[in-house]
Every structure is written in C-alpha cells, then in structure tokens.
Amino acid sequence: MKSQGLVGVVGAGYVGIATATVLASWGLATVLVENNPDRFALLGERRIPFFEPELEKVLVEVAESGTLRFSRTLEDLADADVVLVCVGTPPTATGALDLMALEQVVERLVEVARRGAVIVIKSTVPPGTTTRLAGVVATRRPDLPLVSCPEFLQEGSCLDDVRRPSRVVVGGADATACRKVAALFAPGGAPVIITDATSAELVKYGANAFPATKISFVNELSHFCDLVGADVTVVAAGIGADPRIGPAFLRAGLGFGGSCFPKDVHALEDLGASLGYQSLLLKACSEINAQQKDRVVAKIRDALGGTLRGRRVAVLGVAFKPGTDDLRQAPALDVVGKLIAEGALVAATDPVAAPGPPELPREATFVADVYRCIEGADALLLATEWPEYRSLDWERVRSLMHGNVIVDGRNFLDGVRLVELRFDYHGVGRPALSRPTSRSDDAAGPGPAR
Ligand code: UDX
C-alpha cells in the first residue's frame, strides 16, 4: 500500500463510492470526499444513498477496517498521491453538460494538492475537457498532471464492474502519471490502454453510444417485426448468435434510460454539432428510443379499444432497469406521463424505487404493493423487468384486474401461460396472443389476437 500512498476520491455517487470501496478493499488507504451534508451523514452511518446491496456490504467492511475514510473537505486530500474526481456532470436545461462541480474540484485541488499529485478525471466529460483543464492547471501548478480514466460500471453490478473491469483506459500527456493510475487498478487484472486524454474521453462516449445504438437497432427491427408478424426475441437471438454482433444489448422494448445512455448519446451528437458535423446515426438512435414509448402507449390504447380516457392502467416497475432504484430518464416515467396526457388513470409500483413528485406526475398514484396497484386495472404494463414480476401469482392478478390486457414493455413475461389464464398478451415486436373465444377454437389453444 505504501508504494501507492493515499488515494483521494471525490464525489459519493455510483462511480465514486464503488471506486473508493474497491480501492480500499485492495488495501489502499482511501479517503472519499463528499460535500453534500446528507450524503456525508449517510456515509458516516456506513450507508450508501442508492440501492446497491453488495456495494454497501463491502463499504461497511472497509470503513470498519479504517482503510476507507470519509471527509467533507478537499483539504483532507492534501497528502493524496492520486485524486480521482468522480463528481456528477448532469445535463443542463439546454442539454449541455454542467461541468461546474468538476471545475470547482479541480480549482480547489490546485490549491491543496501535494507536489506531483495526479488528478484523474473519472467523471464523463466531453472529449477535450481534460486537456483543456490540464492547460488551465499548468499555468499555476505545472507539477500536477491531469489524466482521464473513464469508468464503465453499470448500476446493479457496480462493485464487480470496478473489481473486474473489462479494460482500464487511461489518457493524458504525462505517461508516468498514466502508468501510476493504471497501476492503481492492476489488482483487477484488466488489459490496460494508455492513450491521450481526448481519445480516452471518446472511448467512454463510444462505449455508451454503441450499445445504445444496438438497442435502438433492435427496437427498429421490432417495428419491422410488428409490421410483418415476426417475433423480435427470435430475430434478436438469431442475429446475436453471430459472433460479429453478439447477444448483449439486443433486448427490444421500451428503450434505454438511466443516467448515461440518453445523456451521452445526446452529448456526443451535440459535440458533433458544435464542430459542424450532424450525426445522423446518433440522432436516429435517440429518436427511435423516444418512439418506443409512443409505440407502447399505442399498444395499450389499441388493446383498450382506441382510447385511454378514464381507463385504469397499472404500471409495473418504474426504475430505469431492474436491480436499481435509479429513476433518471426511466422509460416507465415517460410512459406514465403519456398515459396521463391521454386521460388514463395510472397506478405505478416498483419493488425498490419509491417515486413521488416531481418524478412521478401528481395525477399518478404510487402503490408499493404490486397486487394493490393492479386492483381494478383495465390494462397492465410491464415497464421494468424485475424478476419478481415473472413469478407473480397471475391467477390472483387476473381476479384483481377489471380487464385482461397485458402489455409487456420488455418482452419478459410468459405470454403463452398468461393467455392460458385468459389474459390478452401484447409484447413489443411480436405477435399479440389471446385465447380464442369459441369452443372449437379453444381446443386449438392460444392464437394471435384478433
Ligand atoms: C450504462 C453502461 O452500460 C455503462 O457501461 C456506463 O458506465 C453507464 O451506462 P447503466 O446505465 O447502469 O450502464 O445501464 P445498462 O445496464 O447499460 O442499461 C441501460 C438501459 O438500456 C436500461 O434502461 C436498460 O433497460 C436498457 N436496455 C439494456 C435495453 O433496453 N435493452 C437491452 O438489451 C439492454
């Protein structure tokens, strides 16, 4: 540990907490700095401000062992050899990124950092930012190298993603500083790519824009499937089996949400626009993603006979994906807003997230108990594929609902079984299923709806 000295991590979000916890678990003395009083108080109680049970467990261990400490001020990083800046870079109302928190941290580090300390930008920033900030820092503290080391963690698996990353990318003008940062993550055993800061920053955007585009691509195919009566889950399995394509991120449905994909696709498109380049691909990626929500609303409307006015819709799952309580850019919330705009009466539920206004529109109700949420519903929308929703007591659901329409926004439920229970089942990009009504048809089992 002594060879690395003290490590500072700034910002107790997903990236900061996961990174600090993992570095501490590898035996590095680490200080996590968080200036938000509520978040800081929570860390003092060995708790984290979001749902990541595994991460919290290890944080408790390293905090109790004293390897990880918490602080509210950057002054406590005066002895750090390396400082990893993991503060948020949220989008502003115009869509541009707000780099204020990041710039303030760098500014303060210029005042307090020890001689030769390496400042690492882990926050996602537009390509060119680290080089620009390095230029500013160099005018006052030429001894402080700045490097970019983007994070690739996914919510729900933060801990493992930092412990065993697929690669470590470090970019900067000072090769020694880059190697020092790469060495921090050596216990993870990942291949290392050392490059310039702007290329490293662009790796991050590319690594998010590509899977986002893959999702929009499969969602585009799901549209074709609806038009020609094919099943996108089979089509996706068929194309994903090609090793050049791969099966990951080919699940059609309500589209991507979260704090990264929507923001980063827009940011990259905006970067192009600011440089005089219109990215047709990224524009289409975002537009297809938006279109998916309208398509699912149309499916519910059609299944309910052409209008949503006064109809009750139960929305299962509001988190942007299972395994997290994060509501940022959650497709479910977007859909709830659209349903309400068309006059539907919406009740939503989630096993972990508990949204209130402003995330959830005031007109919608949140009901923690899934069965109470479903009571009296004309239609049920599966918006987030929490595993527990697959194993609901569907007979009970059928008896609680007023109607029998299920729209599976994630192609997650067992449609054939649901039809046996007299539901009408509608997926995304696959033929709808309903139970034939006549006795003779009955013998033939479930068939395509209408
Ligand atoms: C993402 C990146 O994967 C990660 O590398 C980056 O560091 C941060 O952004 P995360 O936001 O945690 O991670 O979510 P991810 O699991 O990638 O899913 C993003 C969204 O895509 C979710 O809304 C998910 O429901 C959706 N998705 C994912 C699909 O619609 N279809 C798929 O096949 C996969």
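No experiment lies behind these values; they were computed from the predicted model shown.

### Here's the deal with the overall build of the chain
No. 1: Secondary structure summary: the chain contains 17 helices and 16 strands in total.
No. 2: Since a compact globule built from 450 residues should have a radius of gyration of about 22 Å, the 24 Å found for the chain is in line with a globular shape.
No. 3: With respect to the principal axes defined by its C-alpha atoms, the chain has extents near 85 × 50 × 40 Å.
No. 4: Sorting the 450 residues of the chain into buried and exposed places 54% on the buried side.
No. 5: The contacts in the chain between residues at least 6 apart in sequence include a share of 69% that link residues at least 24 apart.
No. 6: Element-wise, carbon and sulfur atoms account for 54% of the exposed surface of the chain, whose accessible area totals about 19800 Å².
No. 7: Charged side chains of the chain number 47 positive and 54 negative; the gap between the two group centres comes to 1 Å.

### Topic: the packing of helix α8 (residues 197-228) against helix α10 (residues 261-274)
No. 1: It is the contact of α8 with α10, at a shortest axis distance of 9 Å, that shows an interaxial angle of 115 degrees. Considering their axes alone, α8 and α10 lie roughly perpendicular with respect to each other. Like other packed secondary-structure pairs, α8 and α10 cross with a definite hand, here left-handed. Contacts between α8 and α10 involve L202, K204, Y205, N208, A209, P211, A212 and I215 from the first element and F261, D264, V265, A267 and L268 from the second.

### Regarding the site of the ligand
No. 1: If you check the shell around the ligand, you find 19 residues, and the closest are L153, Q154, E155, R251 and K321.
No. 2: Measuring from an oxygen atom of the ligand, one finds a backbone N or O atom of L153 at 2.8 Å.
No. 3: Separating an oxygen atom of the ligand from a side-chain N or O atom of K204 is a distance of 3.0 Å.
No. 4: Ranked by the residues each element gives to the shell around the ligand, the list is headed by α8, at 3 residues.
No. 5: Class assignment for the residues of the shell around the ligand results in 9 nonpolar, 4 polar and 6 charged.

### Some points on the nonpolar core
No. 1: With 58 residues, the main nonpolar core has I300, V315, L339 and W394 as its most contacted residues.
No. 2: Sorting elements by how many residues they give to this core places helix α12 (residues 331-341) first, with 6 residues.
No. 3: Membership of the second largest hydrophobic core comes to 42 residues, among which are I48, L59, V118 and C149.

### Quick look at the domain arrangement of the chain
No. 1: Each assigned domain of the chain is listed here: domain 1 (7-195), domain 2 (205-288) and domain 3 (290-444).
No. 2: Each of domain 2 and domain 3 has a C-alpha centre, and these two points are 23 Å apart.
No. 3: Facing the 23 residues of domain 2 at the interface are 21 residues of domain 3.
No. 4: Both faces combined, the contact of domain 2 with domain 3 buries some 1800 Å², and carbon together with sulfur accounts for 47% of it.
No. 5: Viewed at the interface, domain 3 and domain 2 are joined by 4 salt bridges.
No. 6: As a salt-bridge pair, D231 and R430 come within 3.5 Å of each other at their nearest N and O atoms.
No. 7: For the side of domain 2 that touches domain 3, the elements supplying multiple residues, two or more each, are α8, α9 (232-240) and α11 (280-303).
No. 8: At 5 residues, the largest contribution of residues to the side of domain 2 that touches domain 3 is made by α8.
No. 9: Looking at side-chain class alone, the side of domain 2 that touches domain 3 contains 8 nonpolar, 11 polar and 4 charged residues.

Rules used in this analysis
Residues numbered from 1 in each chain as written. Predicted model: local features only at pLDDT ≥ 70, side-chain atom pairs only at ≥ 80, totals over all residues. Heavy atoms only, no water. Helix = DSSP H or I, 4+ residues; strand = E, 2+ residues; numbered from the N terminus. Rg over C-alpha atoms; globule rule 2.2 N^0.38 Å. Buried < 20%, exposed > 50% of the residue type's maximum accessible area, 1.4 Å probe, protein only. Contact = heavy atoms within 4.5 Å. Areas by Shrake-Rupley, 256 points an atom, 1.4 Å probe, with all protein chains shown as cover. Lys, Arg positive; Asp, Glu negative; His and termini not counted. Charge placed at Lys NZ, Arg CZ, Asp CG, Glu CD. Axes fitted to C-alpha atoms, helices over the stretch in contact; angles between N-to-C directions. Parallel < 35°, antiparallel > 145°, perpendicular 65-115°, else oblique. Left-handed = near helix turned anticlockwise from the far one by under 90°. Near = heavy atom within 4 Å. Polar contact = N/O pair within 3.5 Å; in protein donor to acceptor, adjacent residues only side chain to side chain. Nonpolar A, V, L, I, M, F, W, Y, C, P; charged D, E, K, R; others polar. Core = buried A, V, L, I, M, F, W, Y, C linked by side-chain atoms within 4.5 Å. Domains from an automatic or database assignment. Buried area = accessible area lost by both parts, 1.4 Å probe. Salt bridge = Lys/Arg side-chain N within 4 Å of Asp/Glu carboxyl O.

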